[in-house]
Amino acid sequence: MRRTNTFRLFPSKEQKQRLLNLADNCSRMYNEINHKRRQSLFSGGFDWNTDEQYHKYKKLVGSATAQQIIIKNNEAWKSYWAILKKWKKGKLEKKPKPPGYWKDRETGKRPLKILVRCDNYKLEDRVLKLPSKLKIRWKGKNRWNRGSSSKQGRLEITYDELSEKWYAHMPVEVEYPLHQPKGEEEKKEAYVDLGVKVPIMASIDGEVFGYRANSMLSDWWYWTHKIAEHQSVLKGVNNRSTSKLLKSYYRKRRRRFRNNVNVMVRDFVERCWNRGVSKIVCGDLRNIRSSANFSRKSNSMIHNFWSVGYMARRIEEVAEEYGIRVTRVDERGTSSECPRCGSRRVIRTKRMFRCRDCGLEAHRDAVGCINIGLAHQREKGKEGAEAVNRAMARPTLLNIEV
Ligand SMILES: [Zn+2]
């Protein structure tokens, strides 16, 4: 599996200048290649040839890096063709756009980025060794360094205009699982319903538990409030709509959210692992926006910010570390059917679920994850045997410390 280490770089004044020049040339080269390819596409053909740009830039950025930039642009185009093919087959709604330039959407400026081939750099204890005898001090955690079993990929060095800092992103191929799976013999499954108020609700062997989002949500609202406040100041004082501070608030909000999600996801996957789970079954989230009746407040959150997709992706990645498989199941109908008698005559309030036919009363999200389990068993051709018990009415809700 692939993981990325991110380090902060501390170039000296002279090194900074060299990095700036190098990065500017890298971005320029990328954009020139992309421009040529876009032009050739719009005139009805497609030309992969990049000899001209290669010869022009190899002296400025080094031939290995020039190669990497061509490869990077090739990758962008290849994935564009692949998505286009899917679209032509009617598998996608939106027609994909050809690859864009390296350009900041707001400022229009080129982002500063340097690519270094995997065998062209070395991360030592304190310095990052780059071509042309560039040795830059770095700080951070080399989290995914697992000795000889990990293989380093193409390094990307970026300059962040907002914080005025340099970073290096080093992809590493890590052998997995990092933890020996406990669930090999037991083949236990965890059924998971993802949401907003209760981000994760799961059932394992009839035991239902979930996580409270209260502290995460209040943290998010705190930063949202700060953003709104600052926006109105900007508008009132000098009629502007953006500022560096504003951007840093947005970023802070997102980072804190992601951080909290990560704490929760890791806790959840560890619990699964400790209970001998070998497979996590998640509701497929493609319908979450349209199917759920959220309040206005959480609705705006789902659209603007709450990335359930991010949560699902993190569950997959962390589960992989523990040797646990993750599969998806179509979750349509999983919240509107009684798991005990199958009736659709149900009443759902904010948190509660009640069946008019058999009288089952349960926590709404608990019904969701139990039904995901049933849907999964039906997909496998088995009649559902998920226990419907008291845990559904009062699932354990855990807090995440923010
Ligand atoms: Zn019922």
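Residues numbered from 1 in each chain as written. Predicted model: local features only at pLDDT ≥ 70, side-chain atom pairs only at ≥ 80, totals over all residues.

For the rest of this paragraph, the subject is the pairing of strand S4 (residues 127–130). Of the two faces of S4, the one holding Leu 128 and Leu 130 is buried and the one holding Val 127 and Lys 129 is not buried anywhere. Connecting strand S3 (residues 122–123) to the next strand, S4, in antiparallel fashion are three residues. Sheet topology places S4 next to strand S5 (residues 134–139); four bridges connect them, and they run antiparallel. Among the inter-strand pairings, Val 127 is bridged to a residue of S5, identified as Arg 137. Adjacent in sequence and paired antiparallel, S4 and S5 are bridged by three residues, among which Ser 132 carries a positive phi angle near 60°. (Buried ≥ 20, exposed ≤ 12 C-beta atoms within 10 Å, placed from the backbone. Helix = DSSP H or I, 4+ residues; strand = E, 2+ residues; numbered from the N terminus. Pairing = 2+ DSSP bridges.)

Low pLDDT means the predicted atomic positions in that stretch should not be read closely. Across the protein, pLDDT averages 86, with 89% of residues at or above 70. Contacts for the low-pLDDT stretch residues 289–294, under 50 throughout, to residues beyond four places or in other chains number four contacts. (pLDDT = per-residue confidence, 0-100. Contact = placed C-beta atoms within 7 Å.)

Between helix H2 (residues 51–61) and helix H3 (residues 63–88), the shortest axis-to-axis distance is 7 Å and the interhelical angle comes to 130°. Taken as axis vectors, H2 and H3 run oblique relative to one another. Where H2 crosses over H3, the two elements pack in a sense that is right-handed. Residues Tyr 54, Tyr 57, Lys 58 and Val 61 of H2 lie in contact with H3, whose contacting residues are Ser 63, Thr 65, Ala 66 and Ile 70. Partitioned by chemical class, the residues of the contact of H2 with H3 number five nonpolar, two polar and one charged. (Axes fitted to C-alpha atoms, helices over the stretch in contact; angles between N-to-C directions. Parallel < 35°, antiparallel > 145°, perpendicular 65-115°, else oblique. Left-handed = near helix turned anticlockwise from the far one by under 90°. Nonpolar A, V, L, I, M, F, W, Y, C, P; charged D, E, K, R; others polar.)

A separate point is the sheet that holds strand S16 (residues 361–363). Ordered in space as S14-S15-S16, the three strands form an open sheet in which the pairing is antiparallel. Of all the strands in the sheet, just strand S14 (346–348) and S16 have a single pairing partner and so form its edges. Strand-to-strand twist in this sheet, taken as the mean axis angle between neighbours without regard to direction, amounts to 20°. Bridging between strand S15 (residues 352–355) and S16 involves three bridges; their strand directions are antiparallel. Counterpart to Arg 354 in the pairing with S16 is Glu 361. Across the face of the sheet, helix H9 (residues 364–379) comes into contact with S14, S15 and S16 while running at roughly 90° to S16.

Once that is clear, we can look at unusual backbone geometry. Of note in the backbone geometry, Ser 132 takes a positive phi value of approximately 60° without being a glycine. Along the polypeptide, Ser 132 turns up in the loop between S4 and S5. Phi is positive for Glu 164, which is not a glycine, with a value near 55°. The topology assignment puts Glu 164 in the loop between strand S7 (155–160) and strand S8 (165–173).

One finds Val 192, Val 269 and Ile 280 to be the most contacted residues of the largest nonpolar core, which totals 45 residues. Secondary-structure elements contributing two or more residues to this core are strand S9 (188–194), strand S10 (200–204), strand S11 (207–211), helix H4 (214–238), helix H5 (244–274), strand S12 (277–284), helix H8 (308–321) and H9. Per-element accounting of this core gives the leading share, eight residues, to H5. Among the nonpolar cores identified, the runner-up in size contains 29 residues, and Phe 7, Leu 115, Trp 138 and Met 170 belong to it. (Core = buried A, V, L, I, M, F, W, Y, C linked by C-beta atoms within 7 Å.)

Another point: the sheet that holds S11. Judged by pairing direction, the sheet is mixed, and its six strands sit side by side in the order S13-S12-S9-S10-S11-S17 without closing on themselves. Edge strands, defined here as strands with exactly one partner in the open sheet, are strand S13 (325–330) and strand S17 (396–398). Each neighbouring strand pair of the sheet contributes to a mean axis angle of 25°, computed without reference to strand direction. Relative to S10, S9 runs antiparallel, the two being bridged by five bridges.

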